[in-house]
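Next come the chains, spelled out residue by residue.
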Amino acid sequence: MINFILMVNKQGQTRLAQYFQFLSVKERMTLEGELIRKCLSRSETQCSFLEHRGYKIIYRRYASLYFIIGMDLEEENEMAYLEFIHNLVETLDKYFENVCELDIMFNIEKAHYILEEMVMNGQIVETNKTQILAPIHVLDKAKDE
């Protein structure tokens, strides 16, 4: 089960955080700070998997953003979650047409909508980009009218 998903820039600023398990604000800030320092300090030659505070951490860097997933230790297939991160980036890329950090910052609600279409209660429920983006396009049409 996924416990949290973070999008963090190279300066260590969290751009998007979605938690599927309750943590207090103080615990979230501490956890995010520790994870950001750990992930940003690792070289590109090191693997994208690590364990921290009882979580299995999977991360991947795309341009200036780090996508970080924290999940239960007993989850078995890290590569599937690494592929999920790639799918998430491709979906964001399809919606925003070459996604960048500013797209996430200025359209945070859309980024959350996309993430919520893909993950529900810590479980991946949808990976089809067209299915994920359909309700968001409907919202866009309703907004334009």
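Criteria and cut-off values
Residues numbered from 1 in each chain as written. Predicted model: local features only at pLDDT ≥ 70, side-chain atom pairs only at ≥ 80, totals over all residues. Heavy atoms only, no water. Pairing = 2+ DSSP bridges. Helix = DSSP H or I, 4+ residues; strand = E, 2+ residues; numbered from the N terminus. Axes fitted to C-alpha atoms, helices over the stretch in contact; angles between N-to-C directions. Contact = heavy atoms within 4.5 Å. Expected span 1.5 Å × (residues − 1). Buried < 20%, exposed > 50% of the residue type's maximum accessible area, 1.4 Å probe, protein only. Polar contact = N/O pair within 3.5 Å; in protein donor to acceptor, adjacent residues only side chain to side chain.

**Some remarks on the sheet that holds strand S4 (residues 55–62)**
Spatially, five strands are ordered S2-S1-S5-S4-S3 in an open sheet, and the strand pairing comes out antiparallel. What marks the edges here is a single partner per strand, and that holds for strand S2 (14–19) and strand S3 (49–52). Along the sheet, successive strands turn relative to each other by an average axial angle of 20 degrees, direction set aside. Of the strand pairs in this sheet, strand S1 (residues 2–9) and strand S5 (residues 65–72) are connected by seven bridges, and their pairing is antiparallel. The residue bridging asparagine 9 from the neighbouring strand is leucine 65, located in S5. Sitting on the sheet, helix H4 (residues 108–118) touches S1 and S2, and the angle it makes with S2 is about 35 degrees.

**Let's talk about helix H5 (residues 129–144)**
An α-helical turn contains 3.6 residues, so any two residues separated by three or four positions project in the same direction. With 16 residues, H5 extends 22 Å from end C-alpha to end C-alpha; this agrees with the ideal 22 Å at 1.5 Å per step. Buried within H5 are the following residues: Ile132, Leu133, Ile136 and Asp140. Elements that come into contact with the buried residues of H5 comprise helix H2 (78–96) and H4. Between a side-chain oxygen at the N-terminus of H5 and the backbone nitrogen of threonine 130 the separation is 2.9 Å; the capping residue is asparagine 128.

**Looking at unusual backbone geometry**
Located in the positive-phi region is arginine 53, a residue other than glycine, with phi close to 50 degrees. Tracing the chain through its elements places arginine 53 in the loop between S3 and S4. A positive phi angle, close to 55 degrees, is found at glutamate 97, a residue other than glycine. In this fold, glutamate 97 is placed in the loop between H2 and helix H3 (101–106). What makes glutamate 97 exposed here is its relative accessible area of 66%.

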